[in-house]
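Next come the chains, spelled out residue by residue.
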Amino acid sequence: MADVSVRPATGADVAEIARIQVETWRSAYRTVLPAPVLDGLSIDGAAQAWAAAVASPPSPRHHVLVALEQQWVVGFVALAPDEVEAEGSAVDEEIALGLTAAVGPLLVEPRWGRRGHGSRLLAAAVDTARADGLQRAIAWVPEADRTTQDFLASAGWEPDGVVRGLDTGVGELREVRLHVAIGADGG
């Protein structure tokens with residue numbers, strides 16, 4: 001059995017988190033994100049953002065977790081309370097009440113894939129959000145990213161019908177929102 005685990009990220013993990021994000025997006029999202037967006041990614045730029053997220057999170061309910069295989073960081077997930085304005089659905093009412101976690105990105109470096117790291121990261125993110133008193137989790141996933149949508153669906157997540165468009169600077173990226181109940185009575 002492989003030596004695998006999930007733990008909170010530390011400053012020592014930041015460079016690897018940034019590398020995993022950039023390399024995984026360039027590999028897995030080459031048909032999802034416009035080429036200029038992928039070409040514009042830099043490990044240094046990502047590392048600056050992740051350093052702040054790990055060292056100085058905006059609240060105690062903001063987390064970055066890493067998946068390990070032996071001593072290697074092989075993936076990560078970020079989660080935080082969702083802060084979107086309510087839009088009229090039951091999910092949005094829970095968001096407005098501060099009871100919803102936003103999960104993502106959740107990335108595992110492709111060469112470490114199919115070993116359960118994504119499932120462990122997702123389970124740890126849900127457990128962490130539940131420990132923070134959150135009742136529901138959402139994830140925004142590119143509409144064209146069927147792999148992530150199918151992965152989340154296999155864990156009980158469902159689309160809630162909300163779609164948004166993000167301006168990438170070279171076109172719009174459409175994302176769908178998936179959700180799952182995680183409270184003591186729902187998940």
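For the structure, check the block above.
Keep in mind it's a predicted model, so treat the numbers as computed, not measured.

**Q** Please provide a residue-by-residue account of the sheet that holds strand β4 (residues 100-108), values included.
**A** Read from one edge of the open sheet, 7 strands run β1-β2-β3-β4-β5-β7-β6, paired in mixed fashion. Single-partner strands in this sheet number two, and they are β1 (4-8) and β6 (158-167). Taken over all neighbouring pairs, the strand axes of this sheet differ in orientation by 25° on average, direction set aside. By the bridge criterion, 3 bridges tie β4 to strand β5 (residues 136-142) in an arrangement that is parallel. Among the inter-strand pairings, A101 is bridged to a residue of β5, identified as A137. Packed on one face of the sheet, helix α1 (residues 14-28) meets β2 (63-69), β3 (72-81) and β4 and runs near 90° to β3. Together, β2, β3 and β4 form the strand contacts of helix α3 (residues 43-55), whose direction differs from that of β2 by roughly 105°.

**Q** A description of the packing of α1 against α3 should follow, citing residues and the corresponding values.
**A** Remark: α1 packs on α3, axes separated minimally by 8 Å, with the N-to-C direction vectors making an angle of 130°. One element, α1, and the other, α3, form an angle in the oblique class. By crossing handedness, the relation of α1 to α3 is classed as right-handed. Across the interface between the two elements, V14, A15, I17, A18, R19, Q21 and V22 of α1 pack against I43, A46, A47, W50, A51 and V54 of α3. Counted by class, the contact of α1 with α3 contains 11 nonpolar, 1 polar and 1 charged residues.

Calculation rules
- All residue numbers here refer to positions counted from 1 along the written sequence of the relevant chain.
- This being a predicted model, a pLDDT of at least 70 is required before a residue's local features are given, and a value of 80 or more before pairs of side-chain atoms are given or counted; all residues contribute to the totals for chains, interfaces and linings.
- Water and hydrogen atoms were dropped before computing side-chain values, which therefore reflect all heavy atoms in the structure.
- Following DSSP output, two strands are said to pair if at least two bridges run between them.
- Only DSSP runs of H or I with at least four residues qualify as helices, and only runs of E with at least two residues qualify as strands; both kinds are numbered from the N terminus onward.
- Axis lines are fitted to C-alpha atoms, over the contacting stretch for helices. Their N-to-C directions set the angle, which ranges from 0 to 180 degrees.
- We call two residues contacting when some pair of their heavy atoms lies within 4.5 Å.
- Roughly parallel refers to an angle under 35 degrees, roughly antiparallel to one over 145, roughly perpendicular to one between 65 and 115, and oblique to any angle outside these ranges.
- Each crossing is labelled by how the near helix is turned from the far one, with a counterclockwise turn of less than a right angle marking it left-handed and a clockwise turn marking it right-handed.
- Gly counts as polar in this scheme, as do all residues outside two lists: the nonpolar Ala, Val, Leu, Ile, Met, Phe, Trp, Tyr, Cys and Pro, and the charged Asp, Glu, Lys and Arg.

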